[in-house]
Amino acid sequence: MLQDPMDFEWSYWIEWGRGRILWLLAGHLLVSQVSRLLVEKYKPWCLMVYGMAACWLLLGIKGFAVILLHTTISFAVAQFQLSVLTWLCSLILLSTLRIPAVEEAKRKWYDTENEYYLLLFTVSVRCLFCTSFSLEYCWHRPAQKSSHSFLWMLAYVFYYPTFHNGPLMNFDEFSMQMRRQEAFSLKTNLSILIVGIIRIFFWWCLAELMIHLMYIHALYSSAPPLEAASYWALGGLALAQVQFFYVKYLVLYGVPALLLQMDGLKPPALPCCVSLMHSFTKMWRSFDVGLHRFLVRYVYVPMGGSQSSLLGMLFSTALTFAFVSYWHGGQSYLWYWGVLNWLGVIVENGVKRILSISLIQDLI
């Protein structure tokens, strides 16, 4: 049966998953369980070495060198313990991904475009991990220095389940949970693994069914069907698209989340069903929980957040969406998307404030 080929992200990660990534994740699981069973104390370093080896195998020596270089530069800049300098470094490193000459040079390292894109996606996600570590380093107290060493940064950046596509886990959560030594039960872990695999397989089957039967992306990629459709049909198409996006990320984030559990870590919650959402703000909080925590901790709150004046809150929110748009690629349509999201959150919060006034509540 023919399938809808227009969802690049799904096709791309499923192809890589079937190829090498699934096998490398299985290797991580094996190393993790053996190290938890035999050398719990050295588990972070065993997983770090495995992650570095997997990166080398998949991205080559040059791809590995790029990620290691980004990590080293970020750590060196973090030594100044200035948040502004750390953010400047992170944005400059992120901007190097969009320099045409650099892009062309990296493309020549690989035989296929898909291999280059894997490096691009991986480095983009690693930039967030480097930023998280560096900012935590800037804020840490001298007593916490041992848990903010370069070795811990490598263990965090090269942690393989979240390596290529996330989900995002802030460094303070990662290091605290990774250092915690818990009783290990192979039987318990095996039951978690079996149940997790069944759930992910169900989500994958559902996504494949939607890809093969609904042709959502092919329809909205062509103007004539959209122009001919009624408003009700367009609304249904939009709903079907976000439903597929939800199911897709249950798979793409479900696999690493299961491995995080197997490693004794608590993964960010998986996306909430979009059909249950009635709040625009809640959608941002509940869909990509890891990214939301990153944005709140490192962008929104440091810029004042909800504790500042009305203008300060508007500015903090705008800066948060500006960073999200830039990190996703910075194309013009992403800036429009960011502005519309910002307006949606602002309008919703504005209405909530108005409805919280006692006079308005009495009228209602």
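Residues numbered from 1 in each chain as written. Predicted model: local features only at pLDDT ≥ 70, side-chain atom pairs only at ≥ 80, totals over all residues. Heavy atoms only, no water.

### Overview of the overall build of the chain
(1) Moving on: Assigned secondary structure in the chain consists of 16 helices and zero strands.
(2) Moving on: For a compact globule of 364 residues, the expected C-alpha radius of gyration is about 21 Å, and the chain comes in at 22 Å, within 12% of that figure.
(3) Moving on: With the C-alpha coordinates aligned to their principal axes, the bounding extent of the chain is approximately 65 × 55 × 50 Å.
(4) Moving on: A total of 364 residues make up the chain; the buried ones form 48% of that total.
(5) Moving on: A total accessible area of about 19000 Å² is found for the chain, and carbon and sulfur atoms account for 70% of it.
(6) Moving on: Computed over 25 positive and 20 negative side-chain charges, the separation of the two mean positions in the chain equals 10 Å. (Helix = DSSP H or I, 4+ residues; strand = E, 2+ residues; numbered from the N terminus. Rg over C-alpha atoms; globule rule 2.2 N^0.38 Å. Buried < 20%, exposed > 50% of the residue type's maximum accessible area, 1.4 Å probe, protein only. Areas by Shrake-Rupley, 256 points an atom, 1.4 Å probe, with all protein chains shown as cover. Lys, Arg positive; Asp, Glu negative; His and termini not counted. Charge placed at Lys NZ, Arg CZ, Asp CG, Glu CD.)

### Concerning the packing of aromatic side chains
(1) Moving on: Counted by the stated rule, this structure contains 36 aromatic pairs.
(2) Moving on: Considering the side-chain rings of Phe64 and Phe158, the 5.7 Å spacing of their centres and the 40 degrees angle between planes classify their relative orientation as tilted. Placement of Phe64 in helix H2 (residues 43–78) and of Phe158 in the loop between helix H6 (150–157) and helix H7 (171–179) is noted, with a sequence separation of 94 residues between them.
(3) Moving on: Since its relative accessible area comes to 8%, Phe64 is described here as buried.
(4) Moving on: Residue classification places Phe158 among the buried positions, given a relative accessible area of 0%.
(5) Moving on: Of the aromatic side chains, those joined through ring pairs into one cluster are Phe75, Phe129, Phe133, Tyr137, Phe150, Tyr156, Tyr159, Phe171 and Phe174.
(6) Moving on: Against the face of Tyr326 rests Arg98, its NZ or CZ located 4.7 Å from the ring centre.
(7) Moving on: Above the ring of Phe129, the side-chain terminus of Arg126 is found at 4.0 Å from the ring centroid. (Phe/Tyr/Trp six-rings, centres within 6.5 Å; stacked < 30°, edge-to-face > 60°. Lys NZ or Arg CZ within 6 Å of the ring centre and 35° of its normal.)

### A look at the domain arrangement of the chain
(1) Moving on: Looking at the assigned domains, one finds that the chain contains domain 1 (8–180) and domain 2 (269–363).
(2) Moving on: On the side of domain 2, 14 residues touch domain 1, which itself brings 18 residues to the contact.
(3) Moving on: Interface area, domain 1 with domain 2, both sides summed: about 1400 Å², of which 63% is carbon and sulfur.
(4) Moving on: It is Trp87, Arg98 and Leu128 that lose the most area in domain 1 upon contact with domain 2, and together they represent 35% of the buried surface on that side.
(5) Moving on: At the boundary of domain 1 and domain 2, one finds three salt bridges. (Domains from an automatic or database assignment. Contact = heavy atoms within 4.5 Å. Buried area = accessible area lost by both parts, 1.4 Å probe. Salt bridge = Lys/Arg side-chain N within 4 Å of Asp/Glu carboxyl O.)

### Focus: the UniProt feature "transmembrane region" (unreviewed entry) in the chain
(1) Moving on: UniProt marks residues 20–39, 46–69, 75–95, 116–135, 150–169, 190–211, 231–252 and 310–328 with the feature "transmembrane region" (unreviewed entry), using the numbering shown here.
(2) Moving on: Summarising residues 20–39: 95% helix, 0% strand, and an end-to-end C-alpha distance of 27 Å.
(3) Moving on: With 40% helix and 0% strand, residues 150–169 has its two end C-alpha atoms placed 18 Å apart. (UniProt positions renumbered as here; feature names shortened; annotations may be inferred.)

### Here's the deal with unusual backbone geometry
(1) Moving on: Put simply, Gly166 and Pro167 share a cis peptide bond, and its omega is 5 degrees.
(2) Moving on: Turning to its location among the elements, Pro167 is positioned in the loop between H6 and H7.
(3) Moving on: Even without a glycine there, the phi angle at Gln81 is positive, about 55 degrees.
(4) Moving on: Gln81 sits in the partly exposed class, given a relative accessible area of 39%.
(5) Moving on: You will see that Tyr215, though not glycine, has its phi angle at about 50 degrees, which is positive.
(6) Moving on: Assignment of secondary structure puts Tyr215 in the loop between helix H8 (186–213) and helix H9 (216–220).
(7) Moving on: You can call Tyr215 partly exposed: its relative accessible area is 30%.

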